[in-house]
Amino acid sequence: MLTLLQTDPYEGVEAVSGAAAAGLGIGTMIMSIVIYLFYGYCMYKIFQKAGRQDAWAAFIPIYNLIVLLDIVKKPIWWFILFCIPLVNIFACWVVYDRLAKGFGKETPLYTILILLFGFIFIPVLGLGSDTYDS
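This report concerns the structure included in the present document. If you're wondering where the values come from, they're calculated on a predicted model, not measured in any experiment. Position labels on residues start from 1 in each chain and follow its written sequence. Reporting of local features is limited, given that this is a predicted model, to residues whose pLDDT is at least 70; pairs of side-chain atoms are given and counted only at 80 or more, and all residues count toward the totals for whole chains, interfaces and linings. Water and hydrogen atoms were dropped before computing side-chain values, which therefore reflect all heavy atoms in the structure.

### Section: the packing of aromatic side chains
- Only Phe, Tyr and Trp rings are paired, with Trp represented by its six-membered ring, and only when their centres lie within 6.5 Å; those with planes under 30 degrees apart are stacked, over 60 edge-to-face, the remainder tilted. What the rule picks out here adds up to eight aromatic pairs.
- Taken together, the aromatic side chains of Tyr 41, Tyr 44 and Phe 59 make up a single cluster linked through ring pairs.
- Both a distance and an angle decide whether a charge sits over a ring: NZ of Lys or CZ of Arg must be within 6 Å of the ring centre and within 35 degrees of the ring normal. Stacked on the ring of Tyr 110, the Lys or Arg Lys 105 has its end atom at 5.4 Å from the ring centre.

### Some details on the pattern of salt bridges
- Any Lys or Arg side-chain nitrogen located within 4 Å of an Asp or Glu carboxyl oxygen qualifies as a salt bridge. With the rule as written, the count across this model stands at four salt bridges.
- Among the salt bridges present, the one from Asp 97 reaches Lys 101, with a minimum N-O distance of 3.2 Å. Of the two residues, Asp 97 and Lys 101 both sit in helix 3 (residues 87-102), four residues apart, roughly one turn of that helix.
- For Asp 130, the salt bridge identified is with Lys 105, shortest N-O distance 2.8 Å. With Asp 130 in the segment after helix 5 (118-127) and Lys 105 in the loop between helix 3 and helix 4 (108-116), the pair connects residues that are 25 residues apart, well separated along the chain.
- Throughout this description, buried means an accessible area under 20% of the type-specific maximum (1.4 Å probe, protein chains only), exposed means over 50%, and partly exposed covers the range between. Judged by relative accessible area, which is 23%, Asp 130 ranks as partly exposed.
- Assessed through its relative accessible area of 21%, Lys 105 is described here as partly exposed.
- Via salt bridges that share partners, Arg 52, Asp 54 and Asp 70 belong to a single interconnected network. Secondary structure counts use DSSP, requiring at least four H or I residues in a row for a helix and at least two E residues in a row for a strand, with both numbered from the N terminus.

### Let's talk about unusual backbone geometry
- Here the phi dihedral of Lys 73 falls at roughly 65 degrees; this positive angle occurs in a residue that is not glycine.
- Positionally, Lys 73 belongs in the loop between helix 2 (63-71) and helix 3.
- Backbone geometry at Leu 86 places phi at a positive 70 degrees, although glycine is not the residue there.
- When you line up the elements, Leu 86 lands in the loop between helix 2 and helix 3.

Note that all results are geometric; they support no functional claim without further evidence.
Set out below in structure tokens:
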């Protein structure tokens, strides 16, 4: 009679793989927090340059978008546009275009660069020497 051997392919490595998964999870969480804080700081500097007294709002999700809409002179109901797939791309384009123009970047290329490489060009706006002129 033929019997099948029931073997666990992960036998003896549960502790090692569990520790690796935990380390990966904790590392990812820490990097996410660091990136969020850095992006928040860059937006904080942008809000300060725009003359906002509540620049601390850059660290509060959703409210920072409302403040950004106020800076670029768009109505608050535009927040709804950011919740609609594909429409949010258009809304981001308009908001980032007005933000770039406020910093004196008149070319559409800069708006495209903010959309595609925001992790580089948002810090350039916030930490650079450009001033905001509404």
